[in-house]
Amino acid sequence: MGPPGAGKGTQAKVLAEKLKLTHISTGDILRQNVSKATQLGKQAIEFMNKGTLVPDELVTKMLTQRIEQPDAKKGFILDGFPRNIGQAETLDDMLKQRNMSIDMVAYLDASEPVIIQRLTGRLVCSVCGAIFHTKNMPPKKDMICDHCGNSLYQRADDQVETIKNRLQVYQKESAGAIQYYEKQKKLHRLDADLEAETVINNIIHLAAQYNDSPKV
Ligand code: AP5
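Attention in this report is confined to the structure presented alongside it. This one's a predicted model, so the numbers in the text were calculated from it and none came from an experiment.

### Focus: the site of the ligand
Step number 1: Around the ligand, a shell composed of 35 residues is seen, among which Thr10, Thr52, Arg83, Arg122 and Arg166 lie nearest.
Step number 2: Note that a nitrogen atom of the ligand is positioned 2.9 Å from one of the backbone N or O atoms of Gly80.
Step number 3: In this structure, an oxygen atom belonging to the ligand sits 2.4 Å away from a side-chain N or O atom of Arg83.
Step number 4: Contact with the protein chains covers 96% of the free accessible surface of the ligand, which is 1,000 Å².
Step number 5: Secondary-structure elements contributing two or more residues to the shell around the ligand are α1 (8-19), α2 (26-35), α6 (112-120) and β5 (131-133).
Step number 6: The leading source of residues in the shell around the ligand is α2, at 4 residues.
Step number 7: Partitioning the shell around the ligand into residue classes produces 15 nonpolar, 11 polar and 9 charged.

Put into structure tokens, the structure is as follows:
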């Protein structure tokens with residue numbers, strides 16, 4: 001968990017590779033639906049462009065379908081879900097039905113100036129979803145993905161006004177979910193203003209305490 005631009009996607013991709021777990025990002029799945037103009041994409045685009053949350057029933061239905069896929073059976077890293085108390089409770093119910101539970105919640109804590117700098121410079125691969133930054137993590141070739149060679153783009157919601165709205169929505173909506181995991185002593189706060197390598201090392205150090213599978 002963490003505010004927009006804290007580095008959830010960047011770190012979750014690396015962690016998933018290292019732990020050989022599936023990375024499930026609700027934002028990525030929603031953007032795929034928008035680009036394919038599916039029914040869900042058409043319903044979600046208006047909320048995403050404004051920087052508000054897509055209604056819970058749409059996102060939880062989408063997530064239920066995703067965790068039914070074979071690659072999620074051995075556990076997964078969730079990125080961008082849950083975002084409010086209702087989603088946190090629904091997630092627990094979904095997992096209980098599958099004899100799974102949450103091991104730990106890494107909370108990436110980033111400050112507003114850092115977030116704005118990161119999001120206004122973010123570049124994303126149009127095909128594989130790899131994440132770059134014009135200054136912090138520049139691609140080797142201008143606007144070309146290092147991993148798959150396809151073109152990079154700037155997300156529609158990475159405009160300063162939309163970023164500020166996303167931050168407000170995040171603070172208002174996520175407080176309940178943060179408290180929910182704090183009460184269960186599952187939430188670990190990490191300084192996400194630090195450089196990416198330090199942040200991932202800190203997450204890996206935490207994750208090492210949870211060795212039994214399946215993992216969520
Ligand atoms: P989503 O895609 O989840 O967006 P977000 O939560 O706003 O988070 P971001 O993807 O913007 O940031 P990130 O923390 O992943 O940062 P990143 O690693 O890319 O959701 C988008 C929208 O979909 C929402 O607004 C909502 O409408 C909808 N949605 C999604 N989930 C939903 C849900 N559960 N319920 C309802 N609606 C939902 O890094 C950012 C940049 O910083 C990159 O350029 C990166 O290279 C750079 N960077 C990262 N870490 C570092 C570092 N340590 N040092 C320097 N640079 C860094």
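Now that the structure has been shown, the text picks up again.
### Quick look at the pattern of salt bridges
Step number 1: Per the stated rule, a full pass over the model turns up 10 salt bridges.
Step number 2: A salt bridge links Asp158 to Arg122, with the shortest nitrogen-to-oxygen separation between them at 2.9 Å. Here Asp158, found in the loop between β6 (152-153) and α7 (160-183), pairs with Arg122, found in strand β4 (residues 122-125); they are 36 residues apart in sequence, far enough to count as distant. The exposure classification of Asp158 matches that of Arg122, with both residues buried.
Step number 3: The closest approach of N and O atoms between Asp158 and Arg166, which form a salt bridge, is 3.0 Å. Summarising the burial analysis for this pair, Asp158 and Arg166 share the class buried.
Step number 4: Here the residues in one salt-bridge network are Arg122, Arg155, Asp157, Asp158 and Arg166, joined through shared partners.

Cut-offs and rules
- Residues numbered from 1 in each chain as written.
- Predicted model: local features only at pLDDT ≥ 70, side-chain atom pairs only at ≥ 80, totals over all residues.
- Heavy atoms only, no water.
- Near = heavy atom within 4 Å.
- Polar contact = N/O pair within 3.5 Å; in protein donor to acceptor, adjacent residues only side chain to side chain.
- Areas by Shrake-Rupley, 256 points an atom, 1.4 Å probe, with all protein chains shown as cover.
- Helix = DSSP H or I, 4+ residues; strand = E, 2+ residues; numbered from the N terminus.
- Nonpolar A, V, L, I, M, F, W, Y, C, P; charged D, E, K, R; others polar.
- Salt bridge = Lys/Arg side-chain N within 4 Å of Asp/Glu carboxyl O.
- Buried < 20%, exposed > 50% of the residue type's maximum accessible area, 1.4 Å probe, protein only.

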